[in-house]
Amino acid sequence: GASAPACRVLKGLLNRDAQKRLGAAKSTMFEVGGVAALKRMDFFAGLDWALLEKKEIDPPERFDLEHDADVTHFHEEFTKMNIPRSVKEMNRSTFRPRHVESDMFKG
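Here's what I pulled together on the structure shown here. (Residues numbered from 1 in each chain as written. Predicted model: local features only at pLDDT ≥ 70, side-chain atom pairs only at ≥ 80, totals over all residues. Heavy atoms only, no water.)

### Notes on the packing of aromatic side chains
Summed over all chains, the structure comprises two aromatic pairs. Taking 5.0 Å as the distance between ring centres and 85° as the angle between the ring planes, the aromatic pair formed by phenylalanine 43 and phenylalanine 44 counts as edge-to-face. A network of ring pairs unites the aromatic residues Phe43, Phe44 and Trp49 as a single cluster. (Phe/Tyr/Trp six-rings, centres within 6.5 Å; stacked < 30°, edge-to-face > 60°.)

What follows is the structure, given as structure tokens:
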């Protein structure tokens, strides 16, 4: 399983409420927010952000791929899942997006 610090990062990044999502809050004089809060999490302890920004850090794992559709590094649990109908339809050569006139779906 994942470590507790990894779980906290994932839970924070995957929060459904965009205002409460990790990295979304602005810093105040009492609390660090935004990207700075993300960088301070235990999961990233020991990571040199300056070296990362300059791309001078080697990745902890390197995965070689045979081709663009190579899924050998994904667990079978995910590669055997059924693909949703909407994804199948969107990948057809005949797919044409439809425009919907609505004030409810603006983003």
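There's plenty left to go through after this.
### Some thoughts on the side chain of aspartate 70
Inspection of the secondary structure puts aspartate 70 in the loop between α3 (49–53) and α4 (76–79). Setting aside chain neighbours within four positions, we find aspartate 70 in contact with Asp64 and Leu65. (Helix = DSSP H or I, 4+ residues; strand = E, 2+ residues; numbered from the N terminus. Contact = heavy atoms within 4.5 Å.)

### Quick look at unusual backbone geometry
Phi at lysine 55 is positive, roughly 60°, even though this residue is not glycine. By the element assignment, lysine 55 lies in the loop between α3 and α4.

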